[in-house]
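# Working through the structure, step by step
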Amino acid sequence: MNLLEQIPPPWKPVLREEFDKPYMDKLEAFLEAERAQHQVFPPQEDVFNALRYTPYDEVRVLVVGQDPYHDEGQAHGLAFSVRPGVRPPPSLLNIFRELEADLGIPRPKTGYLKRWAEQGVLLLNTSLTVRAHEPASHKGKGWEQFTDAVIRAVSAKAEPVVFVLWGAHAQKKLGLIDARRHSVIQSAHPSPLSAKNGFFGSRPFSKINAALRAAGRGEIDWRLEA
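Below is a summary of the structure that appears in this document. Worth saying up front: this structure is predicted, and the values here are computed from it rather than measured.

## Describing the packing of aromatic side chains
Tallied over the entire structure, the rule returns 11 aromatic pairs. Note on Phe48 and Phe146: the rings are 5.9 Å apart at their centroids and 70 degrees apart in plane angle, and the pair reads as edge-to-face. Of this pair, Phe48 sits in the loop between strand S1 (40-41) and helix H4 (49-53) while Phe146 sits in helix H7 (residues 143-155), and the two are 98 residues apart along the sequence. Phe48 gets classed as buried once you look at its relative accessible area, which sits at 3%. Judged by its relative accessible area of 1%, Phe146 falls in the buried class. Taken together, the aromatic side chains of Phe19, Phe48, Trp143 and Phe146 make up a single cluster linked through ring pairs. The ring of Phe200 has Arg97 sitting right over it, with the charged end atom 4.0 Å from the ring centre. Taking NZ or CZ as reference, Lys157 lies 4.9 Å from the ring centre of Tyr56, over its face.

The structure is reproduced here in structure tokens:
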């Protein structure tokens, strides 16, 4: 399994060095063995969808997630997103609840966030695969080193970017971001376990758009249905 061949072309120049590092060979071998013995989400062709839908030059916002969803038919390579027709999981429902409270946008009928990604919102999980029904089963196998490189590459962009860090796991990535040049929005995670501890009422969507306006980079249209 050659992961470099699967990286979308706009990202290859900024990530190519990662594929010369020893951890990448170990990650590729691990994934090949996992897919041979277990069901792994998302499908192989969807693993890099976050990079595919949001080319490097077009990144305006980076939202840091954690693990892909681990139940059947949910994960498709975008953090927090599910495929069309799949019931949104609780964290995503809480995101939609805050979206409505913040901007008055009614809860969408879909949990498919590709429309956000195509506007420059990089929806990046820190681990890009997971064994079916086993959360965090691919933690510590090399994905975190790769996605840290993605975060550093986005921080190196000349244009200002808005980084969104929900929860303690995402906030550990703060050290990878040049906060002098970029905006950072932090709050509790939208999970039902923590949303009441600071996610609800945090108004991330209006804050993101305010930061983008101030940087002259335009706003995100957060509606998922035209």
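## What to know about unusual backbone geometry
Looking along the chain, the bond that leaves Phe41 and enters Pro42 is cis, with omega of -10 degrees. Along the chain, Pro42 falls in the loop between S1 and H4. Here His133, not a glycine, exhibits a phi torsion of approximately 65 degrees, which is positive. Mapped onto the elements of the fold, His133 is located in the loop between strand S4 (130-131) and H7. In this model, Arg203 sits at a positive phi of 50 degrees, which is unusual for a non-glycine residue. By relative accessible area, which is 42% here, Arg203 ends up partly exposed.

## Re the sheet that holds strand S3 (residues 121-124)
Strand order in this open sheet of four strands is S3-S2-S5-S6, and the pairing throughout is parallel. If you trace the sheet from one side to the other, it starts and ends with S3 and strand S6 (183-187), each paired once. Ignoring which end each strand starts from, the neighbouring axes of this sheet average 15 degrees apart. Where strand S5 (residues 162-166) lies against S6, five bridges are found, and the strand directions are parallel. Opposite Trp166, over in S6, you have Ser187 as the bridge partner. Against the sheet, H7 engages strand S2 (61-64), S3 and S5, with an angle of about 160 degrees to S3.

## Topic: the packing of helix H5 (residues 90-103) against helix H9 (residues 204-214)
Axis separation between H5 and H9 bottoms out at 7 Å; the angle between their running directions is 60 degrees. Along its contact with H5, which presents Ile95, Glu98, Leu99, Asp102 and Leu103, the element H9 presents Pro204, Phe205 and Ser206.

Criteria and cut-off values
- Residues numbered from 1 in each chain as written.
- Predicted model: local features only at pLDDT ≥ 70, side-chain atom pairs only at ≥ 80, totals over all residues.
- Heavy atoms only, no water.
- Phe/Tyr/Trp six-rings, centres within 6.5 Å; stacked < 30°, edge-to-face > 60°.
- Helix = DSSP H or I, 4+ residues; strand = E, 2+ residues; numbered from the N terminus.
- Buried < 20%, exposed > 50% of the residue type's maximum accessible area, 1.4 Å probe, protein only.
- Lys NZ or Arg CZ within 6 Å of the ring centre and 35° of its normal.
- Pairing = 2+ DSSP bridges.
- Axes fitted to C-alpha atoms, helices over the stretch in contact; angles between N-to-C directions.
- Contact = heavy atoms within 4.5 Å.

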